[in-house]
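# A closer look at the structure
Residue strings, one per chain:
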Amino acid sequence: MRTRSIGSALPRTATRVALGLALLAVPATALATNAGPAGHPAPATAHSAPHAVRAATGLDDPAKKEIAMQLVSSAENSSLNWKAQYKYIEDIGDGRGYTGGIIGFCSGTHDMLELVELYTQRKPGNVLAKYLPALRKVDGSDSHEGLDPNYTKDWKKAAQDPEFQKAQNDERDRVYFNPAVKQGKADGIGVLGQFAYYDAIVMHGDGNDPTSFSSIRKRALAKAEPPAQGGDEKTYLNAFLDARVWAMKQEEAHSDTSRVDTAQRVFLRKGNLDLHTPLDWKVYGDSYHIG
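This text gives an overview of the structure that appears in the document. (Residues numbered from 1 in each chain as written. Predicted model: local features only at pLDDT ≥ 70, side-chain atom pairs only at ≥ 80, totals over all residues. Heavy atoms only, no water.)

Looking now at the pairing of strand E4 (residues 279–283). Side-chain alternation along E4 places Leu279, Trp281 and Val283 on a buried face and Asp280 and Lys282 on a face that remains uncovered. One ladder, built from five bridges, connects E4 with strand E5 (residues 286–290); its direction is antiparallel. Counted as the bridge partner of Leu279 is Ile290 from E5. Between E4 and the antiparallel strand that follows it, E5, lie two residues; Tyr284 among them carries a positive phi value of about 55 degrees. (Buried < 20%, exposed > 50% of the residue type's maximum accessible area, 1.4 Å probe, protein only. Helix = DSSP H or I, 4+ residues; strand = E, 2+ residues; numbered from the N terminus. Pairing = 2+ DSSP bridges.)

In structure tokens, the structure reads:
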């Protein structure tokens with residue numbers, strides 16, 4: 001079962017690149033200092049903080065990143081085999097046109113266009129290059145004009161090309177994974193918290209709309225301080241997951257919040273802040289295990 005946000009489709013694409021650029025432009029120390037809500041500045045000295053900021057392995061550690069890919073795939077594709085999703089493509093009727101690939105690139109929300117542009121820069125004349133004019137035309141809509149009837153067939157053909165697979169990996173990291181991990185580290189949260197950020201950006205994108213990642217984080221910051229500001233990590237992550245569930249429930253398509261309730265909260269309740277294996281969780285009633 002794959003779910004995608006429908007209410008924030010256009011804001012999601014308009015601002016997600018800005019998130020990555022903003023995070024890359026600001027040093028992590030500055031983010032850690034200024035990340036909190038107004039009226040709650042970060043402690044001036046490390047010894048004044050009641051909870052030390054963790055310096056553990058991040059979600060960008062290769063083994064942890066593999067776990068993250070499997071966790072997201074269990075929710076997005078009902079499978080732990082995320083690498084089998086390079087060839088995935090269909091219109092799921094969410095107003096975003098075609099959804100495809102390992103992270104759900106969409107023809108209606110600009111990221112599929114950016115992906116095919118990157119692929120074509122690296123490999124001119126590829127099987128998808130001829131669709132670039134159509135992708136530019138349908139961007140921002142759910143139209144298939146100029147894509148049917150062979151686009152899905154050619155997408156699956158391209159998915160056999162290691163260059164296209166690498167392009168999908170690189171765009172996933174640039175738009176979603178790297179910004180989430182960078183912000184998580186700046187907030188002083190560990191692997192689980194960084195994953196919670198990543199999963200939120202995957203589903204909601206980022207922007208100024210109330211259900212975007214930044215808005216979810218702001219809602220959490222109004223309730224609890226992150227470790228970078230002296231807060232307790234579990235308390236802050238509970239606040240973030242509360243805000244995430246609220247955002248999901250604003251849309252019928254996200255009314256099933258099991259990817260939070262019976263997955264991320266399970267790990268949090270167990271105090272598994274670094275996603276140590278074994279991991280057992282459920283999404284949409286299906287059970288999963290990583291040993």
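There's plenty left to go through after this.
Pairing is antiparallel across the open sheet formed by three strands, whose spatial order is E1-E2-E3. Each edge of the open sheet carries a strand with a single partner, namely strand E1 (89–91) and strand E3 (105–106). Strands E1 and strand E2 (98–100) of the sheet are contacted by helix H6 (residues 151–158), whose axis makes an angle of about 155 degrees with E1. (Contact = heavy atoms within 4.5 Å. Axes fitted to C-alpha atoms, helices over the stretch in contact; angles between N-to-C directions.)

Attention now moves to the pattern of salt bridges. Applying the stated criterion to the full structure yields 18 salt bridges. Of the charged contacts, one joins Glu145 and Lys137 as a salt bridge, the two residues approaching to 3.1 Å between their closest N and O atoms. Taking the relative accessible area as the measure of exposure, Lys137 reaches 58% and is therefore exposed. A salt bridge links Asp173 to Arg172; the nearest nitrogen and oxygen atoms lie 2.9 Å apart. Salt bridges linked by common partners bring Glu76, Asp199, Arg244 and Arg259 together as one network. (Salt bridge = Lys/Arg side-chain N within 4 Å of Asp/Glu carboxyl O.)

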